[in-house]
Every structure is written in structure tokens, then in C-alpha cells.
Amino acid sequence: MCDHDDKHAEHMAEAARISREKMHAGFGGPFGAVIVKDGLVVGTGFNKVTTDNDPTAHAEVVAIRDACKNLDTFSLKGAVIYTSCEPCPMCLASIYWARLDRVYYANSRYDAARIGFDDEFLYEEIAKEIDKRSLEMVHLPDVIAATAFDEWEAKEDKIAY
């Protein structure tokens, strides 16, 4: 195994270590994540859903927030994430929004489903047309909301993301 592979294994081991440590400490499910840029760990995260009463506090999202804060940026382009489990749809979307270059994961979503973390419903719902989803979604146009979009489009000093 080359040094490059050793670094991948080290970073994955750190994500897995965090997942176990924080699970045993009572923070939540067995999920940990590490974000690396230029060979350095720039963010870490673990599942804090039940301790923070925040359903979005998954390990990957917490790690993204940590890395963005530490790097003082909203874009993690050039960075990669190591996560103890294949990201759920929310985390995967967050990874795309953060512009991470690559995802390394240990356990699969099927492994997660086996222990009670089944995201298959979400994968299926997202693929459906809006009117076919189990969550009712109502389009309610608003003039002020439309105006804000028009103003954003014309704004010369906006920061695109």
C-alpha cells in the first residue's frame, strides 16, 4: 500500500473512531466524518441529532459546518470528506452544495438500514414528481418573493454560490 492509500486509511479510521467515541458518549448514532484539504483535517463532525435536538445535525453536515467555519468560506472546493457511512440524501445534497471534490465512505446505506437507519424512503420520495410525494407541497406564489428573485438577478455585488 502506498503512502497515499495510508493517508486515506488514516482519515477513514479517524472518522470511524469519532463515530464510536461519540456514540458511546451518548451523543447519537454511530456516524463520524472528517474533511481534509491539502492533506490537513479542516473539519470534523459526529451525529448530534438527539443531543442538539436538530434533525439536520448529521455527522457530514456538522463536519461541513466546522470546516467552513475553520476556513472562513462557504465553498469546500479542493477538499474531500471521509465518513463512516454512505451519506443520506440530505448529507449528499449538503456535500454537493459545499462543493467537496470526493466522498470516501465506510459502511453502506444498506448497512445503516440493517441497524435502523433506513433512508430508502427518502431516496424514493426525492425521485417522485412533487404531486406524487407523501409530503404535501403547495405552490403559493408571492409577489414579494418573486421581487426578491428579480432583485437578486439584477444585483451587481452579489456573491454567486
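Residues numbered from 1 in each chain as written. Predicted model: local features only at pLDDT ≥ 70, side-chain atom pairs only at ≥ 80, totals over all residues. Heavy atoms only, no water.

Student: Can you explain helix α4 (residues 89-98)? Please cite residues and give values.
Tutor: Those residues of α4 that sit buried are P89, C91, I95 and A98. In the core, the buried residues of α4 are packed alongside α3 (59-71), β3 (79-85), β4 (102-107) and α6 (120-127). Directly beyond the C-terminal end of α4, a positive phi value near 70° is found at R99. (Buried < 20%, exposed > 50% of the residue type's maximum accessible area, 1.4 Å probe, protein only. Helix = DSSP H or I, 4+ residues; strand = E, 2+ residues; numbered from the N terminus. Contact = heavy atoms within 4.5 Å.)

Student: So what's going on with the pattern of salt bridges? Residues and values would help.
Tutor: Opposite charge on two side chains permits them to pair, given that their charged atoms come into close proximity. As enumerated under the stated definition, the model contains eleven salt bridges in all. The partner of K132 in a salt bridge is D131, with the nearest N and O atoms 3.9 Å apart. D131 shares its class with K132; the two are exposed. The closest approach of N and O atoms between D157 and K155, which form a salt bridge, is 2.7 Å. (Salt bridge = Lys/Arg side-chain N within 4 Å of Asp/Glu carboxyl O.)

Student: Please provide a residue-by-residue account of the packing of α3 against α4, values included.
Tutor: The N-to-C vectors of α3 and α4 enclose an angle of 25°; their axes lie 8 Å apart at closest approach. For the element pair α3 / α4, the angle class is roughly parallel. Of the two elements, α3 crosses α4, and the hand of that crossing is left-handed. Mapping the contact onto sequence places E60, V61 and I64 in α3 and M90, C91, S94, I95 and A98 in α4. The residue inventory of the contact of α3 with α4, partitioned by class, reads six nonpolar, one polar and one charged. (Axes fitted to C-alpha atoms, helices over the stretch in contact; angles between N-to-C directions. Parallel < 35°, antiparallel > 145°, perpendicular 65-115°, else oblique. Left-handed = near helix turned anticlockwise from the far one by under 90°. Nonpolar A, V, L, I, M, F, W, Y, C, P; charged D, E, K, R; others polar.)

Student: So what about the nonpolar core? Which residues, and what values?
Tutor: One recurring pattern in soluble globular proteins is that nonpolar side chains are buried together. Formed by 17 residues in total, the largest nonpolar core has its most connected members in I35, I64, L76, I81 and L100. Elements with a minimum of two residues in this core: β1 (32-37), α3, β3 and α4. Among the elements that line this core, the one with the most residues is α3, at five residues. Apart from the residues within four sequence positions on either side, I81 is in contact with A33, V34, I35, E60, I95, L100, R102, V103 and Y104. Core analysis: the next-biggest nonpolar cluster, separate from the first, contains eight residues, M12, A15, I18 and Y82 among them. (Core = buried A, V, L, I, M, F, W, Y, C linked by side-chain atoms within 4.5 Å.)

Student: Can you explain a nonpolar patch on the surface? Please cite residues and give values.
Tutor: A grouping of F74, W97, W152, I159 and Y161 is seen on the molecular surface, where their side chains present a nonpolar patch of about 670 Å² in accessible area. Among the structural elements, W152 can be located in helix α7 (residues 143-154). (Patch = residues over 30% accessible without salt bridge, like charges linked within 9 Å, V, L, I, M, F, W, Y side chains within 5 Å. Areas by Shrake-Rupley, 256 points an atom, 1.4 Å probe, with all protein chains shown as cover.)

Student: Residues and numbers for the sheet that holds β4, please.
Tutor: Taken in spatial order, the four strands make up an open sheet running β2-β1-β3-β4, and their pairing is mixed. For this open sheet the edge positions go to β2 (40-46) and β4, each flanked by a neighbour on one side alone. Ignoring which end each strand starts from, the neighbouring axes of this sheet average 15° apart. Pairing between β1 and β2: six bridges, direction antiparallel. Each bridged residue has a counterpart across the sheet, and for G32 the counterpart in β2 is F46. Against the sheet, α3 makes contact with β1, β2 and β3, and its axis sits at roughly 140° relative to β2, the strand it touches most. (Pairing = 2+ DSSP bridges.)

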